[in-house]
Amino acid sequence: MRVPGGSYFFTVNLALRGATHLTDHIDALRRAFAVTLRERPVRIDAIVVMPDHLHAVWTLPVGDSDYSTRWRLIKSRFVRETGLVAPRSRSKVAKAERGIWQRRFWEHTIRGEADFAAHVAYCWQNPAKHGFVERAEDWPYSSYHFRGGRGDGCEHPSYVDHRENFLYFNRFGSSASGPSRRFLSSP
């Protein structure tokens, strides 16, 4: 379900679980985000990059629901810059894929403030859940650090101001500030 200008939670995985390519090549991932989000802005409300997957909460610009193109560009730019190749099926070879990423990603349309807060908290707590750190603030590849350490990851401001976006996106991607969040109406 797509909501133009809506907020979404994503999980994007490497094909080989247990690999460490994302954190080993974090600067290439940041550049892939930066180039893509300059072309196709989005506000990243939360993100955490784990060694073999990442989670993110994005709010797209008003009238825009094309997150798939953004992810395709980020993934392909990362692979091109790193030159990584993994074992590939015939299908992946035929489509000139290098086999690093899972083809698809998981997305969830955010349905309200509580859902938004829960998914932001999920992003920030993921490193502790996987046993990499004891506290969210100890993981270096997380937007937790760029939220001023406010709250425990379960609360968030009602908006993200431009200065905060600038600091955050200089590290992870874009300076796009974007509109207020819009949610899919709950049933």
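Numbering of residues starts from 1 in each chain and follows the order in which that chain's sequence is written. Predicted model: local features are reported for residues with pLDDT of at least 70 only, side-chain atom pairs are reported and counted for 80 or more only, and whole-chain, interface and lining totals are derived from all residues. To get the side-chain values, all heavy atoms of the structure are used, and hydrogens and water are removed first.

1. Here we look at the pattern of salt bridges
When the charged atoms of two side chains lie near each other, side chains of opposite charge can form a pair. Throughout this description, the term salt bridge denotes a Lys or Arg side-chain nitrogen within 4 Å of a carboxyl oxygen of Asp or Glu. Taken as a whole and assessed by the stated rule, the structure comprises 9 salt bridges. Measuring nitrogen to oxygen at the nearest pair gives 2.6 Å for the salt bridge that ties Asp 64 to Arg 70. One salt-bridge network, held together by shared partners, links Arg 135, Glu 137 and Asp 138.

2. Overview of the pairing of strand 2 (residues 43-49)
For every residue, the accessible area obtained with a 1.4 Å probe (protein chains only) is divided by the maximum for its type, and the residue is called buried under 20%, exposed over 50%, and partly exposed between those limits. Each helix is a run of DSSP H or I of at least 4 residues and each strand a run of E of at least 2, with the numbering of both proceeding from the N terminus. In terms of burial, strand 2 is a largely internal element, 7 of the 7 residues being buried. Paired strands are those between which DSSP finds at least two bridges. Here strand 2 pairs with strand 3 (residues 53-59) via 6 bridges, running antiparallel. From the neighbouring strand, Val 48 faces strand 3, where its bridge partner is His 55. Hairpin connection of strand 2 to strand 3: 3 residues between the antiparallel strands.

3. Observations regarding helix 5 (residues 113-129)
Helices are assigned an expected span. That span is 1.5 Å times one less than the residue count. In this model, helix 5 (17 residues) spans 23 Å end to end at C-alpha, consistent with the 24 Å of a helix rising 1.5 Å per residue. Along helix 5, the residues classified as buried are Asp 115, Phe 116, Ala 117, His 119, Val 120, Ala 121, Cys 123, Trp 124, Asn 126 and Pro 127. Residues of helix 5 that are buried make contact with strand 1 (7-13), strand 2, strand 3 and strand 4 (106-109). Should any heavy atoms of two residues lie within 4.5 Å, those residues are considered in contact.

4. Here we look at the nonpolar core
Among buried residues, the Ala, Val, Leu, Ile, Met, Phe, Trp, Tyr and Cys ones that are joined through side-chain atoms within 4.5 Å form a nonpolar core. Judged by nonpolar contacts, the single largest core of 45 residues is most densely connected at Leu 29, Phe 33, Trp 58, Trp 71 and Phe 78. Of all the secondary-structure elements, those providing two or more residues to this core are strand 1, helix 2 (26-39), strand 2, strand 3, helix 3 (67-82) and helix 5. Here the element with the most residues in this core is helix 2; it accounts for 6 residues.

5. Points about the pairing of strand 3
Most of strand 3 is tucked away: 7 of the 7 residues are buried. Alternating positions in strand 3 separate into two faces, His 53, His 55, Val 57 and Thr 59 on one and Leu 54, Ala 56 and Trp 58 on the other, with burial throughout. Pairing of strand 1 with strand 3, which is carried by 7 bridges, proceeds in the antiparallel orientation. Considered in strand 3, the bridge of Tyr 8 is made with Trp 58.

6. Considering helix 3
Think of an α-helix as 3.6 residues a turn; residues three or four steps apart then line up on the same face. For helix 3, which comprises 16 residues, the first-to-last C-alpha distance of 23 Å matches the rise-based estimate of 22 Å (1.5 Å per residue) to within 8%. Listed in full, the buried residues belonging to helix 3 are Tyr 67, Thr 69, Arg 70, Trp 71, Leu 73, Ile 74, Lys 75, Arg 77, Phe 78, Val 79 and Thr 82. In this structure, the buried residues of helix 3 make contact with strand 1, helix 1 (21-24), helix 2, strand 3 and strand 4.

7. Quick notes on the side chain of Thr 36
Looking at where Thr 36 falls in the secondary structure, it is placed in helix 2. Among the polar contacts made by the side chain of Thr 36, one reaches the main-chain carbonyl oxygen of Ala 32 at a distance of 2.8 Å. Counting of polar contacts relies on pairs of N or O atoms within 3.5 Å, with two restrictions inside protein: one atom must be capable of donating a hydrogen and the other of accepting it, and residues adjacent in sequence are counted only when both atoms are side-chain atoms. Only 2.7 Å separates the side chain of Thr 36 from the side chain of Arg 77, close enough to count as a polar contact.

8. Considering the side chain of Lys 75
For Lys 75, the location among the structural elements is in helix 3. Separated by 2.9 Å, the side chain of Lys 75 and the backbone oxygen of Gln 102 make a polar contact. When sequence neighbours within four positions are dropped, the list of residues in contact with Lys 75 reads Val 12, Trp 101, Gln 102, Arg 103 and Arg 104.

9. Topic: the packing of aromatic side chains
The relation between two aromatic rings is expressed through the spacing of the ring centres and the mutual angle of the planes. The aromatic pairing rule takes the rings of Phe, Tyr and Trp, using the six-membered ring of Trp, and pairs them if the centres are within 6.5 Å, calling planes under 30 degrees apart stacked, those over 60 edge-to-face and the rest tilted. The final tally for this structure, using the stated rule, is 16 aromatic pairs. Seen in terms of ring centroids, Phe 33 and Trp 71 are 5.8 Å apart; in terms of plane orientation they differ by 90°. Their pairing is edge-to-face. Remark: Trp 71 occurs in helix 3 and Phe 33 occurs in helix 2; sequence separation between them is 38 residues. The exposure class of Trp 71 is buried, given its relative accessible area of 1%. Either the NZ atom of lysine or the CZ atom of arginine qualifies as a charge over a ring when it sits within 6 Å of the ring centre and within 35 degrees of the ring normal. In this structure, Arg 2 packs its charged tip against the face of Tyr 67, placed 4.2 Å from the ring centre.

Everything listed here is a matter of coordinates, which is why it stays silent on function.
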